[in-house]
Amino acid sequence: MNTGHAKLIIGNWKMNPSGGKDAVALYKEIKKGMPKGFPGKAVICPPALYLPLLSKEGATKKLSLGVQDIFSESEGAHTGKLSAKMLSDAGAEYAIIGHSEVRALGESDETIAKKITLAFKAGLIPVLCVGESVRDDAHEYFAYVGRQLEGALGGIPKVLVKKVVIAYEPVWAIGKLAVRQASPEESLEMALFIRKFLADMAGQKAIEGLQVLYGGSVDHKNARTFLEDGGADGLLVGRASLNAKTFIKILEQSF
Ligand code: PGA
């Protein structure tokens with residue numbers, strides 16, 4: 001099932017590359033290689049420090065910038081933290097929130113909910129990551145993801161729900177330590193579950209136009225199957241976004 005509309009492909013560079021020069025070179029290469037006729041939107045989320053550098057290179061309608069996290073307060077005595085507004089001013093359009101690597105450091109659903117509200121206030125589009133750590137035979141993982149959705153979105157106005165991009169990222173399929181790749185069927189059933197859960201929570205109208213992405217070991221070889229058979233409106237790409245050629249190939253697989 002191809003969901004039929006333009007795809008959102010987000011590259012999460014995590015704590016890479018190790019210098020600003022390399023970051024600019026990588027961004028430039030991606031910008032130059034954007035496939036002709038690409039109908040979707042690509043978003044690069046570099047380490048926040050590089051945002052001003054990459055913003056100088058220019059964002060376009062088809063390629064823009066995001067951040068990997070924001071802080072859960074808007075200002076004040078918070079050593080080492082960056083607010084949603086600062087990051088928006090520095091050129092970010094999107095903000096990944098609740099990534100499993102941040103949750104692993106102790107981030108709670110309550111904090112995630114605060115970050116979502118602050119992202120909206122600063123004009124950032126939140127990309128909420130959800131996903132289970134293990135796939136149990138009793139299918140408890142559906143309830144687990146449901147609790148993450150409820151915890152993050154249960155308190156926001158219903159009209160905002162569809163404006164949150166949801167990224168389903170099964171933790172067991174992410175990064176170098178991935179147990180295995182997820183199948184498009186697994187992506188599809190969770191995408192359907194997420195839509196149903198949010199429709200039950202906020203009403204059918206609240207999810208019209210909602211984008212549900214898939215993330216976890218996405219590369220140029222499996223991108224198309226997640227988009228066509230996995231019910232994904234887009235992809236959240238980690239490692240494969242650090243190689244311009246591979247990332248461009250993923251964009252090419254999206255239409
Ligand atoms: P990966 O990471 O593509 O390297 O598995 C995905 C993510 O953590 O967003």
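Just above sits the structure.
Residues numbered from 1 in each chain as written. Predicted model: local features only at pLDDT ≥ 70, side-chain atom pairs only at ≥ 80, totals over all residues. Heavy atoms only, no water.

Visitor: Give me the lowdown on helix H10 (residues 244-252), citing residues and values where you can.
Guide: Within the sequence span of H10, burial applies to Ala244, Thr246, Phe247, Ile248, Ile250 and Leu251. Where H10 begins, one side-chain oxygen reaches toward the backbone nitrogen of Lys245, 3.0 Å away; that side chain belongs to Asn243. (Buried < 20%, exposed > 50% of the residue type's maximum accessible area, 1.4 Å probe, protein only. Helix = DSSP H or I, 4+ residues; strand = E, 2+ residues; numbered from the N terminus. Polar contact = N/O pair within 3.5 Å; in protein donor to acceptor, adjacent residues only side chain to side chain.)

Visitor: Got a sec to walk through the packing of aromatic side chains? Specific residues and values, please.
Guide: Per the stated rule, a full pass over the model turns up six aromatic pairs. For the ring pair Tyr214 and Phe226, a centre distance of 4.2 Å and an interplane angle of 15° mean the geometry is stacked. Separated by 12 residues along the polypeptide, Tyr214 in strand S7 (residues 212-215) and Phe226 in helix H9 (residues 223-228) bring together distant segments of the chain. The same class applies to Tyr214 and to Phe226, which are both buried. Connected via pairs of aromatic rings, a cluster forms that spans Tyr141, Phe142, Phe193 and Phe197. The ring of Tyr141 carries the charged tip of Arg135 above its face, separated from the ring centre by 4.0 Å. (Phe/Tyr/Trp six-rings, centres within 6.5 Å; stacked < 30°, edge-to-face > 60°. Lys NZ or Arg CZ within 6 Å of the ring centre and 35° of its normal.)

Visitor: If you had to explain the packing of helix H1 (residues 20-32) against H10 to someone new, which residues and values would you point to?
Guide: Interhelical geometry of H1 versus H10 gives an angle of 35° and a closest axis separation of 9 Å. In this structure, H1 meets H10 at a crossing whose hand is right-handed. Judged by residue contacts, Leu26, Glu29 and Ile30 of H1 engage Ala244, Lys245, Phe247 and Ile248 from H10. Broken down by class, the residue content of the contact of H1 with H10 amounts to five nonpolar, no polar and two charged. (Axes fitted to C-alpha atoms, helices over the stretch in contact; angles between N-to-C directions. Left-handed = near helix turned anticlockwise from the far one by under 90°. Contact = heavy atoms within 4.5 Å. Nonpolar A, V, L, I, M, F, W, Y, C, P; charged D, E, K, R; others polar.)

Visitor: An account of the site of the ligand is needed here, citing residue identities and associated values.
Guide: Neighbouring residues of the ligand: Asn12, Lys14, His99, Glu169, Ile174, Gly175, Gly216, Ser217, Val218, Leu236, Gly238 and Arg239. In the model, an oxygen atom of the ligand is placed 2.7 Å from a nitrogen or oxygen of the His99 side chain. Within the backbone of Gly175, one N or O atom sits 2.7 Å away from an oxygen atom of the ligand. Taking 290 Å² as the accessible area of the ligand by itself, protein coverage stands at 99%. Class assignment for the residues of the shell around the ligand results in three nonpolar, six polar and three charged. (Near = heavy atom within 4 Å. Areas by Shrake-Rupley, 256 points an atom, 1.4 Å probe, with all protein chains shown as cover.)

Coordinates in, geometry out; function isn't part of it.
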